[in-house]
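What follows is each chain in one-letter form.
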Amino acid sequence: MITTKQSRRTFVRRATVSALGFPFVSSLTSAALAADEPRKLGFALVGLGGLSTGQIAPALLKTQHCRLVGIVTGTPSKIPVWKERYHLADKDVYNYETMGQMANNPDIDVVYVVTPNALHAEHCLKAAQAGKHVLCEKPMETSVEKCEQIISAVKKAGKKLAVGYRCQFDPNHLECRRLAQEKVFGDLKMIEGGFSRTISATEWRVKKVLAGGGPLMDVGIYALQTCRFVSGAEPIEVSAKYGPVNDPVKFAEVEASVSWEMTFPGGLKTTCRTNYDKGGENNFQVTAEKGAFGLNPAYNYNSSRGTRSDGQAINLPGVNQFTAEMDDFAQCIKNNQTSKVSGEEGLRDVRIMLAIYESARTGKPVKLA
Ligand code: NAD
């Protein structure tokens, strides 16, 4: 059967050949066919900080299905640099007050929100109201209510929503999930690990109103995600405790460290840690009935690797996780599918993190629905 697309390509090819003669055929035919290629989805980045500058914008250049067509910034001095580097015009540049005008820019399909955690809802809602698909960095927000607002605003706009869980696109994380799901070492018994970093006292990350919490919301969320992603199960109870605070000025508003245990149906237990004061942890280890496996380092952008107790390495070639994440979202949009890193997935983690805080505050275990 000849599809409409095939007949159009054939028509373009024949028309070019007969109109222009042989010597020009191949280059002009390529140009005509290139124009016939599927359109890449236009992304606008909201917030041009460390992650957008260092990872997301460069990763966009490597995508198959996306291109950078817009920026939203509150810092005018960044504009000329971004315009030059990414070939943007004045019409592609917005600030936080004007971003609603993206509604009039048909080049922008997706808005990627990369601002401090507690601003995600505000910026995701503006994007949805402008009629755009939304990709929101983790954590999705800092309260269940705000996550629900994002989900319902995007739904109301008839658009798609995804959360920036880059590790779900990492081949070595996927391999660990396969080992668990196929029970290669039997039923899972324990997952243990952590992700920590140090920060400066001047970052928004130490301000509760912008961050929502400390290292748990920022990097501990990766350890939490691993427990859920690898096991494919949801915890039924959490218990947690805060660690000591050595710098009470820096950590006046958010925790310096927290450790937590989760119980899953079937008896799987997990124990995780995260801190902002020492850093240094970046791994997980899964213990099953007949063996163990894990990654160390686990959460680097491009270089996770690990081992299995049978001596085999877990060391699949890395991918650019952001490229994979954005291409996957573009494919979900084109094929009208729900992303595996959906808004509901983001909401689940926020619910659990708030239960972890409640348990650390009260000293009692918290049951999860
Ligand atoms: P950053 O501080 O480097 O950048 C934040 C950006 O938000 C800046 O451009 C800043 O100007 C802008 N901004 C807008 N309003 C602001 C306000 N009121 N206060 C402070 N900044 C404001 O932070 P980042 O590291 O790029 O993190 C941004 C988001 O990305 C966070 O939600 C974070 O959790 C997430 N993140 C994800 C990853 C990942 O691997 N997926 C890595 C780092 C950060």
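Only a predicted model underlies this, so the values are computations on that prediction, with no experimental measurement involved.

Rules used throughout
- Residues numbered from 1 in each chain as written.
- Predicted model: local features only at pLDDT ≥ 70, side-chain atom pairs only at ≥ 80, totals over all residues.
- Heavy atoms only, no water.
- Phe/Tyr/Trp six-rings, centres within 6.5 Å; stacked < 30°, edge-to-face > 60°.
- Helix = DSSP H or I, 4+ residues; strand = E, 2+ residues; numbered from the N terminus.
- Buried < 20%, exposed > 50% of the residue type's maximum accessible area, 1.4 Å probe, protein only.
- Lys NZ or Arg CZ within 6 Å of the ring centre and 35° of its normal.
- Domains from an automatic or database assignment.
- Contact = heavy atoms within 4.5 Å.
- Buried area = accessible area lost by both parts, 1.4 Å probe.
- Salt bridge = Lys/Arg side-chain N within 4 Å of Asp/Glu carboxyl O.
- Polar contact = N/O pair within 3.5 Å; in protein donor to acceptor, adjacent residues only side chain to side chain.
- Nonpolar A, V, L, I, M, F, W, Y, C, P; charged D, E, K, R; others polar.

Counted according to the given criterion, the structure contains eight aromatic pairs. Relative to Tyr299, the ring of Tyr222 has its centre 5.7 Å away and its plane inclined at 50 degrees; by these criteria the two rings are tilted. Of the two residues, Tyr222 is situated in helix α9 (residues 215-231) and Tyr299 in the loop between β12 (291-295) and β13 (306-308); the sequence distance between them amounts to 77 residues. Side by side, Tyr222 and Tyr299 carry an identical accessibility label, which is buried. Its guanidinium or amino end placed over the ring of Phe169, Lys340 lies 4.6 Å from that ring's centre, counting from NZ or CZ.

Partitioning the chain into structural domains gives domain 1 (41-166) and domain 2 (171-317 + 342-367). Each of domain 1 and domain 2 has a C-alpha centre, and the two are 27 Å apart. With 20 residues of domain 1 at the contact, the number on the domain 2 side is 24 residues. Overall, the association of domain 1 and domain 2 removes approximately 1900 Å² of surface from exposure, summing both partners, and the carbon and sulfur fraction of that is 65%. Of all residues in domain 1, Lys138, Tyr165 and Arg166 give up the largest surface area on contact with domain 2, accounting jointly for 32% of the area buried on that side. Taken together, the connections running from domain 1 to domain 2 amount to two salt bridges. Asp218 is paired through a salt bridge with Lys138; the nearest N and O atoms lie 3.5 Å apart. Here domain 1 and domain 2 share seven residue pairs in polar contact (both at pLDDT 80 or more) between them. Where the side of domain 1 that touches domain 2 is concerned, the elements lending two or more residues are α3 (50-61), α6 (144-156) and β6 (161-163). Considered class by class, the residues forming the side of domain 1 that touches domain 2 number 12 nonpolar, four polar and four charged.

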